[in-house]
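# Coordinates in review
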Amino acid sequence: MGAIMTPVNAARYAFGGVTRERLDALVDGWLLTCYKDDPQLIQVFRDRRFENYHDLLPWNGEFAGKLLTGGAYCYMLTGDSELKAEMLHIALDYADTIGEDGYGGCMPQSKRLSGWDSWGMYHCVLGLFKWYKLTGDKRLMNAALSVADYMAEVFLDTKSEIKKPYLPTEPGNTGVETSQAFMHAFLLLYRETEEPRYMQAAKAILEDFSLPYAGDYYRKALEGVPFYKMPKPRWESMHPVQGLAELYLLTEDRSYKEAFCNIWKSIIKTDVHNTGAFSTLEQAVGNPFAEGAIETCCVIAFACVTIDYLRLTGDSRAADWLELMYFNAIMGYQHPGGHWFTYNTPMDGVRKSSYTDIVFQAREGAPDLNCCSANAARGLSNPAEWAFMQRGYMEMCVNWYAPVHAELMNGAWEIDIDSGYPAEPYAHIYIKSIDERQDTFYFRIPAWSRNTKFYVDDEEQEVRPGSYHKVKRDWSKGADIDIEFDFSLWQVTGEREKEGLASLYRGPVLLARDDRFNDMPAEAARETAIDPGYFRPIDLREGFPVPFAALEFFTDEGEEVVLCDFATAGMAGTKYATWLKTSRPVRTVPALTEI
């Protein structure tokens, strides 16, 4: 019962390769400069004393919390002391704005406790709580509890004005799911404090799932209704859905786990695009081939739910999805220079910065801030929760194969991964423990790697794709693990809007046709067939950014076509395509979708 896997405690990381490059760019280009360049991040909370002083967005209150949460995970991966100091500065500045009554939003008195106002406070409480867990600074926890106490009173008082978010003026109003996200925060705080009112408030929200215009996630999921057919299939619903996972972990009522897992499985089957991204036009639509904006915030929220699914089930294929999301959809929304992120990262098209694509969110004192820029760090640093995990007390699970040095459990384990992954198929792993005893490691064997070769100290072991391979031994003298993954091409076959086309992958990397590297424009991808039967890796060094994976193919007419990693495609302002016409099919990986 309970969680099968948990994130590793007391870990220190030093990443290499493209991950290190992206994290360094994230810290230097965004997290260390955001508050200085966009001081309204916190000033907006102080200005609530003036009625209608700013032309506020309904979700202005979320930006500080999203930034703090992403910054916390980034600090877990980098240990950057300057980042820690900057994030604590932001967190304490926010804490100083919380009212004596515990109100932690940015709205003037007349507009308090709308659905988005509650949503903003949810994110701020989450950010404070994450930094408290990292630092033990009680000022942060006290601030989080102050806002949570305020919100608990509101949710538990059935006669209070909080019912306004549950009475939207029109059916499309998003006030319900955004308010109900606080359920997740209540349960995290209950685990920490065992304060009964937090559990009571969470269960009050659970009951309200079935109110008019609410999502009815619990009942509908138990009935087997796909998420896209539920009353509120928007992406914001991912955070109240996380509450179902936490309820299961706290109560061991298996109906909560069943409901949560049914929602995740239905999204995987019907609403995850070839990039690993969730959502079309900010919600589930039941069609992963549909055109429409694929929002950064939606990708991040579904990654959070996927991490919870991995915790609850221990299914390695959930980690496969996290990896696919990370090296494609998530890296694809960050410009490698580090300063800007997308709102929409389409399957085919162009990359636009969020502060131009959704410029309507910019405000005086915050020209760079919007929902996606504030949230971006959380996705880019989410390997803090899944790269290495615990099973039981000291059993370890390896989900990550890109270059990294990791010290886990206060140095009880030391792991070095030397590889060119995800661009190259080889990984050498050295593991050493400080104790002499028999311990178990679980190694993820990706579902797409049909013929994986796995060696322990040069002795080959048989492994099965789409599962964890168990190795039990005394690691105190060190051990060498060598893995050769099957990097033969695999594909997702297009349907509906993408009928007659295919998306090609090498390992976990989605390949894209970028006009920067081809004489024939990306639009030709639908007319000119590529032969996937022959390709060779090539090294592209011209211009910026440099792809971390690039392959040369040929068309049926013998013309050269270069495909690069999706995460880099279009980053120089060129057009790109991931849905391609091919002259023959390559293998598919049904295990990834048949979960």
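The strand order E2-E5-E6-E7-E12-E9-E10 describes an open sheet built from seven strands, whose pairing is antiparallel. If you trace the sheet from one side to the other, it starts and ends with strand E2 (12-15) and strand E10 (459-461), each paired once. Going across the sheet, the axis of each strand differs from the next one's by a mean of 20°, ignoring polarity. In this structure, E2 lies alongside strand E5 (residues 404-408), joined through four bridges in antiparallel fashion. Across the sheet, Ala14 pairs through a bridge with His405, a residue of E5.

Under the criterion given, the structure shown has 40 aromatic pairs. Aromatic pair Trp264 and Phe302: ring centres 6.4 Å apart, planes at 10°, arrangement stacked. With a gap of 38 residues between them, Trp264 in helix H13 (residues 254-270) and Phe302 in helix H14 (residues 296-313) connect regions that are remote in the sequence. The class for Trp264 is buried, based on a relative accessible area of 0%.

Turning to the state of the cysteines, a few remarks are in order. Tallied over the entire structure, the rule returns zero disulfides. Cysteine Cys124 shares no disulfide, and the gap to the nearest cysteine sulfur, in Cys106, comes to 8.4 Å. On the basis of relative accessibility, which here comes to 0%, the residue Cys124 falls in the buried class. The thiol of Cys371 is not disulfide-bonded; the next cysteine sulfur, from Cys372, is found 3.8 Å away.

As a further point, take the nonpolar core. Counting residues in each nonpolar core, the largest one holds 216 residues, and the members touching the most others are Phe182, Phe186, Phe388 and Phe443. Leaving out residues up to four positions away in the same chain, Phe182 has contacts with Ser118, Met121, Tyr122, Val125, Val147, Ala148, Met151, Phe155 and Ile205.

Calculation criteria
Residues numbered from 1 in each chain as written. Predicted model: local features only at pLDDT ≥ 70, side-chain atom pairs only at ≥ 80, totals over all residues. Heavy atoms only, no water. Pairing = 2+ DSSP bridges. Helix = DSSP H or I, 4+ residues; strand = E, 2+ residues; numbered from the N terminus. Axes fitted to C-alpha atoms, helices over the stretch in contact; angles between N-to-C directions. Phe/Tyr/Trp six-rings, centres within 6.5 Å; stacked < 30°, edge-to-face > 60°. Buried < 20%, exposed > 50% of the residue type's maximum accessible area, 1.4 Å probe, protein only. Disulfide = S-S within 2.5 Å. Core = buried A, V, L, I, M, F, W, Y, C linked by side-chain atoms within 4.5 Å. Contact = heavy atoms within 4.5 Å.

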